[in-house]
Amino acid sequence: LTTALASAGTQATQPLLRATLQTILRDVESGQPLSQAFGRHTTLFPPRLVSLVRVGETAGTLEEVLERLAILLEGEEELRQRVVTALIYPACVVAVALVIITLILVYVIPKFMGIFATYDVPLPWTTRLLLAVSQAMQWGWWLLPVGGLLGLRAWQRAQTHAVWRQRIDAQTLRLPLVGPFLIQVASARLASTLGLLTRSGVPILEALEVATETLGNRVLEDAVQRVRQQVTGGEALAPAFERSRLFPPMVIQMIALGERSGQLEAMLAQIATYYDRETAQQVKRFTAVLEPLLLLVLGGFVAFVALSILVPIFSLVKLFRQS
């Protein structure tokens, strides 16, 4: 174990992780259990890892537990990277579009408006709207970064405030596309963690407690906590989940089937596999829809700007011909 920790500390590229592993190595060499050494660094090692390592130490199956945990974490990291990769192109398109739109509003539009004002050309409402936005950008451009920083700060404070975090998470789950996607991701995480913990010998109540911390949504976390309380009172797992009215029917049916057949671990593994695949497909579908939608929005803005400029130009040409 000490050799493995020393090797992991040498291979770590991040300074914080390297220093933490060296500290853990010293703690283990001094006689502390690995779970206790991990437990002192909860910012890097999640509670479920500490719980699983403790189970492996107690049962003498630490190697098997770590192998299962590695597979679980690798799957979650693969999903996260897939989502990030899918959003890189739309994010770049939006960033470039914002820069181009800002340049058009700040530098291009005022030059045309000066020409139109010189010859007293009548302006349609689209051109007047574009002019008003351009003037606001010229005089109040500093409000954008300041407002962005204030909004970011307010979002960070809301995430640390229990009431606001509850409201934000509740509203997020009500969003048409985002809500179902988050529930699918949470279902996969919940099933994976519960399956891993129960296979490792962790009691279902403790497994629910640890799995709650992997969901990333306060509403879902509260729902699983209520499920845990109902199971503590003697309720079966499937009816408790059904009463929450948040998790998909297939999750409840598979859990009920697993409880009746005594194969809950296998059913949880199937739930995790299914929703991992479904999440990956949804990411692909979302990307396929988002890219043409962005092009449509940008094309609409370009058409709006072009018409707002061309209509007064045609009026100006007509004025020259008349004179």
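As a starting point, this report considers the structure included with it. What you see is a predicted model; the values in this text were computed from it and never measured.

Scoring rules and cut-offs
Numbers given to residues run from 1 along each chain, matching the order in which its sequence is written. Where totals are concerned, whole chains, interfaces and linings use all residues; where local detail is concerned, this predicted model gives features only for residues with pLDDT of at least 70, and gives and counts side-chain atom pairs only at 80 or more. The basis for the side-chain values is all heavy atoms of the structure; hydrogens and waters are excluded. Within this document, salt bridges are pairs made up of a side-chain nitrogen of Lys or Arg and a carboxyl oxygen of Asp or Glu, the two lying within 4 Å of each other. In this text, helices come from DSSP runs of H or I with a minimum length of four residues, and strands from runs of E with a minimum of two, each type numbered from the N-terminal end. When accessible area is computed with a 1.4 Å probe and restricted to protein chains, residues below 20% of their type maximum are described as buried, those above 50% as exposed, and intermediate ones as partly exposed. Note that patches include only residues with greater than 30% relative accessible area and no salt bridge, and the join distances are 9 Å for like charges and 5 Å for nonpolar side chains (Val, Leu, Ile, Met, Phe, Trp, Tyr). In short, Shrake-Rupley with a 1.4 Å probe defines the accessible areas, and a residue's cover is counted only from the protein chains shown. Residues grouped as a nonpolar core are buried Ala, Val, Leu, Ile, Met, Phe, Trp, Tyr and Cys residues, joined through side-chain atoms within 4.5 Å. Contacts are residue-level and defined by heavy atoms, with any inter-residue pair within 4.5 Å sufficient.

## Section: the pattern of salt bridges
Any two side chains of opposite charge can pair, on the condition that their charged atoms come close.
Argument step 1. The tally for this structure, following the rule as stated, stands at 7 salt bridges.
Argument step 2. When the shortest N-O distance is used, the salt bridge between Arg165 and Asp169 registers 2.8 Å. Of this pair, Arg165 and Asp169 both sit in helix H8 (residues 162-174), 4 residues apart, roughly one helical turn.
Argument step 3. Between Glu209 and Arg228 there is a salt bridge whose closest N-O contact spans 3.5 Å. Here the residue Glu209 occupies a position in helix H10 (residues 204-212), and Arg228 occupies one in helix H11 (residues 218-232), the gap between them amounting to 19 residues.
Argument step 4. Taking relative accessible area as the criterion, Glu209 reaches 29% and is therefore assigned partly exposed.
Argument step 5. Look at Arg228 and you get partly exposed, because its relative accessible area is 25%.

## Quick word on a nonpolar patch on the surface
Argument step 1. A cluster of nonpolar side chains, contributed by Val99, Leu103, Tyr107 and Val108, occupies part of the molecular surface with about 370 Å² of accessible area.
Argument step 2. With respect to the helices, strands and loops of the structure, Tyr107 is situated in helix H5 (residues 62-118).

## Re the nonpolar core
Argument step 1. With 57 residues, the main nonpolar core has Phe241 and Ile255 as its most contacted residues.
Argument step 2. If near-sequence neighbours (up to four positions away) are discounted, Ile255 is found in contact with Leu237, Ala238, Phe241, Leu264, Leu268 and Ile271.
Argument step 3. Within the second largest apolar cluster, 10 residues are counted, among which are Met113, Phe116, Leu130 and Met137.

## Side note on unusual backbone geometry
Argument step 1. With a phi close to 60°, Arg245 is a non-glycine residue in the positive phi region.
Argument step 2. Residue placement: Arg245 occurs in the loop between helix H12 (237-244) and helix H13 (249-261).

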